[in-house]
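Remarks on the overall topology
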Amino acid sequence: YIPLAGALEDSNAESRRATAHTLARCAAVSAEKLAGAERSALVDRLAPLTTGDDAVAARGAWRALEGLGELPTVVPGWVLGAEATDWMAEVAAVRAMAAHADGRKVLARRIPEVTLASFTGPRLHVLRELLQGLRPFAAHDEGIARALGGLRPALAEATAAAQDERRRKALRLIGCEL
């Protein structure tokens, strides 16, 4: 994997994207073979791609990190941020973070700052993934339970205020995850 990982730093965007995608597909099934310095080097090379500068590469990098059970040292501010981003990259980031204890803590800290109005269209998938990923841990983690509980009234208010029937329906379905 290390020779392949070198392509993550390639100046060619297509090469970086293809490598991130390949690692995303292989990381989980090979995670136990990747240990020690090799795993650490791979995570170090994936981390810069998670910034979202290249959404396609970011998706692959986050999926690879999820498969490895790792997170970058710094989680980009666009994850659950107010600014609309590539929703598929954000879903991948939320999935990876929800699968990791430290990531769940970061998500729980960010939930009170979530502006539901910024989650429109396909970006609503991010909220669903967030709730599905965190719900199983709420019973044993007070911070997660508190964060999800705080989201409930905001979600009910956003649902009631939704002018578009599709948005209202999507928010109702998301509310079922609470």
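Above this note sits the structure.
Residues numbered from 1 in each chain as written. Predicted model: local features only at pLDDT ≥ 70, side-chain atom pairs only at ≥ 80, totals over all residues. Heavy atoms only, no water.

Moving on, we come to the pattern of salt bridges. If you walk through the whole model with that rule in mind, you get eight salt bridges. A salt bridge links Arg172 to Glu165; its shortest N-O distance comes to 3.7 Å. By relative accessible area, Arg172 is classed as partly exposed at 44%. Counted as one network, the salt bridges with shared partners bring together Arg95, Arg128 and Glu129. (Salt bridge = Lys/Arg side-chain N within 4 Å of Asp/Glu carboxyl O. Buried < 20%, exposed > 50% of the residue type's maximum accessible area, 1.4 Å probe, protein only.)

A few words now on the packing of helix α4 (residues 55–68) against helix α5 (residues 87–98). Between two packed helices, both the angle of their axes relative to each other and the distance between the axes serve to describe the pair. Following both chains from N to C, one finds α4 and α5 inclined at 15 degrees, their axes separated by 8 Å at the closest point. Considered as vectors, α4 and α5 are oriented roughly parallel to each other. Read as a crossing pair, α4 and α5 show a hand that is left-handed. Contacts between α4 and α5 involve Ala55, Ala58, Arg59, Trp62, Arg63 and Glu66 from the first element and Met88, Ala89, Ala92, Ala93, Arg95, Ala96 and Met97 from the second. (Axes fitted to C-alpha atoms, helices over the stretch in contact; angles between N-to-C directions. Helix = DSSP H or I, 4+ residues; strand = E, 2+ residues; numbered from the N terminus. Parallel < 35°, antiparallel > 145°, perpendicular 65-115°, else oblique. Left-handed = near helix turned anticlockwise from the far one by under 90°. Contact = heavy atoms within 4.5 Å.)

Below, the discussion takes up unusual backbone geometry. Positive phi is not limited to glycine here, since Leu80 has a value of about 65 degrees. Considering the arrangement of structural elements, one finds Leu80 in the loop between α4 and α5. According to the relative accessible area criterion, Leu80 is buried, its value standing at 4%.

The full count for this structure, using the stated rule, is zero aromatic pairs. Lying over the aromatic face of Phe137, Arg104 brings its terminal NZ or CZ to 3.7 Å of the ring centre. For the cation-ring pair, Arg123 lies above Phe119, with the distance from its terminal atom to the ring centre recorded as 3.9 Å. (Phe/Tyr/Trp six-rings, centres within 6.5 Å; stacked < 30°, edge-to-face > 60°. Lys NZ or Arg CZ within 6 Å of the ring centre and 35° of its normal.)

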